[in-house]
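Okay, here's what each chain looks like letter by letter:
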Amino acid sequence: MITQSQSIRTSITLALISGMLMACGGGGSSAEPPPAPPAPPPVATLALLAGQPGGAGYVDGPASSARFSGDIRSVTRTQAGDLYVIDGFKIRKQNAQGLVSTFGKLESSTHYSANLTTDANGNLYVVEANQLRKIDTGGVTVWRKGTVSFPPDEVMGTLEIVANDPAGNVYLFHRIYQSGQTRSLIRKVSAEGELSTVVDLSDLSFAPYTTAPALAMDVDSAGNIYLASASQIWRVTVTGQVSLIAGHAQQGTADGKGTEARFCWLRPNSLTLDRLNNIYVADTQSCNTPSAGNGTAIRKISPDGTVTTLVSTTNLPIIQPDGPAASAYLREISGLFMDQQDNLLIADHGLYAIRQLDKLGQVTTIAGPTPAYGHLDGQAQLAHFRSPSNLVRASNGDVYVGDGNVIRKIAANGTVTTLAGSPGSNAVRDGNGPQASFVSISAMALAPSGTLVVADNRLIRTVSPEGVVTTLAGNNAAPICSSLGQDGLGSSAAFGSFIASLTVDKAGVIYASEFLVDCGIIGIRAVGNVIRKITPDGNVSTFVGKPGGFDPAITLGQGSGVAFGFLLHLAVDSAGNLYAEDSRQILKITPAGVVSRFASLSEESSAFGVGGMAMDANDNLYVSVASQTISRSGIATTHPAALKRIAPDGTITTIVTAKGESGGAVIAGSTPDFDRTRGLAISPSGLVYLSMEYAVYTYGVPSLTK
């Protein structure tokens, strides 16, 4: 029998023997440490390369970090200081402390005519399509138009603008489609919900229209209504008498009194009154188009009809949009409202922000990031871009960016310079660097020699690495509309309405996709695409397609037997095959001009669904695809935006899908929102370059890509 003491002595002896053996290198080996866990795979990130972050999105939060979409319109503020704005299909709120939140959403399928106002108790009144809705301060809908009994035969009408007076009456501009005729009425809904007609405007001529296209409306303390039509300001008294206060059917930009003053195109939702009954409106600076793309202005109309201009901006590049009214920049106004403190609130649709003009004449951004929109060279993120779009990357790592009507260069060390063109010029002029000028850069490609090839309006131009600009082919003699182009050498050749894309093969031959439009009485419409071939000496010939041929379903074949739909992007592989994107379909075109379907990016074709396309050194095609909603049997399915890679055999791989965690905003460190891609390039190692909003980004794994 082994006693306890013997057991202890035996254990000690064995331990000593084991220790001695290990010291002599015998008796086995020590236990190996456990293997380290595998390193997580590198995470691809969106990184800001150059320019300033900003732009559109749905992001709640503090004023400076909140984001608004590109569809903000109609702004108002309660007496308690809460601001409301329609933002796409949402109603956004900024409280008196500056915090932005999503207050509610619209109920109709369209938001383009939606606008809102508020009463003395902070209730909101929202019109959208043919519905009027009252919403209390808690976001609860108190009543809809259905409880305010409009006559049954007027159900097909649309409620287009809304205003209210201090007594709690709500005023509507009501367009009615009745018995094949259009009637335009101003209706009043009392605080108790009783409906009455203030005035029938159907018989009036609101030039330059034949019917009354009211764009904005407000009501003074006495119940008089003020309306803005295209280029005139009207007053409707409480008794229904209509009179012209200022403006004329003849459009213009002149200040003056009454009908001596001129307006170009008064902006929707942009008429408001102060406590002294001065009227404030937003106007465009170009009378050729209702768009505010050529500049915008805020005009003031005193009670006696005298018109003065308070703020006037053009679409020239700027560095800092805030500041004194004389130097501040407003891009595209989509709503005005004068609050109780005499601050003029401005919904700046073009800069995705809420701005404010105070009574001291200072413009500030009160919600949304202060946009750094303009033209400023400098180091990486200190530089400013105006409208970066087309991208190409040179073999040395330099990136070239088409930025409005200039070409910017981002060197491998991040320094941004202007290679060619002048931001203040809008003409065709050859020359060196800033002595050259462009009208509108629509496409770029890089030749094997390192020369940039640029589509400028309807010209093919080249830019040397030193910035020397030369026009290679094309002319602007023919009208843009219905121009089918012409083959020829140099300036004797003519391109159609718009050059959408360029690519250059290894022999230096240029291929251009040409978009043809017709500007008939039914508006601008596509009438065909062709691909033109331009030799290095400027000889232009039609390679594939037939001028004037148009088929949204795409007719395959060879040469002139091919008909395209919406041909927008081109790339070329190492064997000289072209790849063309047409309505989310990728077509392959052989050097002999034979067109076949190569890959499909969607279950259903749709125009303008691709933001960029580029070919890498291994003939993989990278495509930035926008989101798409497809309805089948009444069920709608949304396919998110994504970056896809198409291998030479046609296999499609989704590299990354936009997850929507950024609320649609372009934010470094998040998944890119490929709905906002305007240009795409690829490095040999697979680093993706993207132009979005006012900046250029990279997407890839920094440790693996250069």
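Residues numbered from 1 in each chain as written. Predicted model: local features only at pLDDT ≥ 70, side-chain atom pairs only at ≥ 80, totals over all residues. Heavy atoms only, no water.

Caption draft 1: Fine view of the sheet that holds strand S19 (residues 266–273). If you walk across this open sheet you meet the 5 strands as S18-S22-S21-S20-S19, and the pairing is antiparallel. With partners counted over all chains shown, the strands left at the sheet margins are strand S18 (256–257) and S19, one partner each. (Pairing = 2+ DSSP bridges. Helix = DSSP H or I, 4+ residues; strand = E, 2+ residues; numbered from the N terminus.)

Caption draft 2: Local environment of the packing of aromatic side chains. Within the structure shown, the criterion is met by 7 aromatic pairs. Measuring from centroid to centroid gives 6.2 Å for Tyr-125 and Trp-143, while their planes differ by 55 degrees, and the two rings are tilted. With Tyr-125 in strand S7 (residues 124–128) and Trp-143 in strand S9 (residues 141–144), this residue pair connects regions lying 18 residues apart in the sequence. Considering the side-chain rings of Tyr-352 and Tyr-694, the 6.5 Å spacing of their centres and the 35 degrees angle between planes classify their relative orientation as tilted. Note that Tyr-352 is positioned in the loop between strand S25 (344–348) and strand S26 (353–357) and Tyr-694 in the loop between strand S55 (688–692) and strand S56 (695–700), a separation of 342 residues in sequence. This pair shows no difference in class: Tyr-352 is buried, exactly as Tyr-694 is. Grouping aromatic residues by their ring pairs yields a cluster made of Phe-515, Phe-550 and Phe-566. The side chain of Lys-90 reaches across the aromatic face of Tyr-58, ending 4.2 Å from its centre. One cation-aromatic arrangement involves Arg-408 over Phe-385; the distance from NZ or CZ to the ring centre is 4.7 Å. (Phe/Tyr/Trp six-rings, centres within 6.5 Å; stacked < 30°, edge-to-face > 60°. Buried < 20%, exposed > 50% of the residue type's maximum accessible area, 1.4 Å probe, protein only. Lys NZ or Arg CZ within 6 Å of the ring centre and 35° of its normal.)

Caption draft 3: Looking closely at the environment of Pro-465. Take Pro-465: it is sitting in the loop between strand S36 (459–463) and strand S37 (468–473). Under the relative-accessibility criterion, Pro-465 is labelled partly exposed at 36%. Setting aside its immediate chain neighbours within four residues, Pro-465 contacts Leu-419 and Gly-450. (Contact = heavy atoms within 4.5 Å.)

Caption draft 4: Inspection of unusual backbone geometry at higher detail. The backbone of Ala-380 shows a phi angle near 45 degrees, a positive value even though the residue is not glycine. Relative to the elements of secondary structure, Ala-380 occurs in the loop between strand S28 (378–379) and strand S29 (388–393). A residue is classified by how much of its surface remains accessible, and Ala-380, at 17% relative accessible area, is buried. Within the chain, Arg-584 stands out as a residue other than glycine whose phi angle is a positive 70 degrees.

Caption draft 5: Focus on the sheet that holds strand S48 (residues 610–615). A sheet is described by the order of its strands in space; here 4 strands give the open sequence S48-S49-S52-S53, paired in antiparallel fashion. Unpaired on one side and paired on the other, S48 and strand S53 (652–657) mark the two borders of the sheet. Between one strand axis and the next, the sheet turns by 20 degrees as a mean value, whatever way the strands run. In the sheet, S48 pairs with strand S49 (residues 621–625) via 5 bridges, with the strands oriented antiparallel. Counterpart to Val-610 in the pairing with S49 is Val-625. (Axes fitted to C-alpha atoms, helices over the stretch in contact; angles between N-to-C directions.)

Caption draft 6: View of the pattern of salt bridges. Within the structure shown, the criterion is met by 20 salt bridges. Note that Arg-92 is salt-bridged to Asp-60, the shortest N-O span being 3.0 Å. Pair noted here: Arg-92 is in strand S4 (residues 90–94) and Asp-60 is in the loop between strand S1 (45–51) and strand S2 (72–77), with a separation of 32 residues, a long-range link. We classify Asp-60 as partly exposed; its relative accessible area is 38%. Lys-93 serves as the salt-bridge partner of Asp-82, at 3.9 Å between the closest nitrogen and oxygen. Highlighted residues: Asp-82 in the loop between S2 and strand S3 (83–87) and Lys-93 in strand S4, separated in sequence by 11 residues. Here the two residues Asp-82 and Lys-93 agree in accessibility, since each one is buried. Here the salt bridges do not stand alone but share partners, grouping Asp-60, Asp-87 and Arg-92 into one network. (Salt bridge = Lys/Arg side-chain N within 4 Å of Asp/Glu carboxyl O.)

Caption draft 7: Spatial organisation of the confidence of the model for the protein. The share of residues in the protein with pLDDT of 70 or more is 82%, and the mean pLDDT across the chain is 83. When the criterion is pLDDT under 50, residues 1–29 qualifies, and its contacts beyond four places in sequence or with other chains add up to 4 contacts. Confidence drops under a pLDDT of 50 for residues 207–212, and excluding neighbours within four residues, the segment shows 18 contacts in the predicted structure. (pLDDT = per-residue confidence, 0-100.)

Caption draft 8: Representation of the environment of Lys-359 in the model. Assignment of secondary structure puts Lys-359 in the loop between S26 and strand S27 (362–367). With 16 residues separating them along the chain, Lys-359 and Asn-343 place their C-alpha atoms 6.1 Å apart. Filtering out sequence-adjacent residues up to four positions away, Lys-359 remains in contact with Gln-341, Asp-342 and Asn-343.

Caption draft 9: Broad picture of the environment of Gly-368. Tracing the sequence through the fold places Gly-368 in the loop between S27 and S28. It is 9.6 Å that separates the C-alpha atoms of Gly-368 and Asp-60, two residues lying 308 residues apart in sequence. Not counting the four nearest positions on each side in its chain, Gly-368 is found in contact with Ala-63, Ser-64, Ala-66 and Phe-68.

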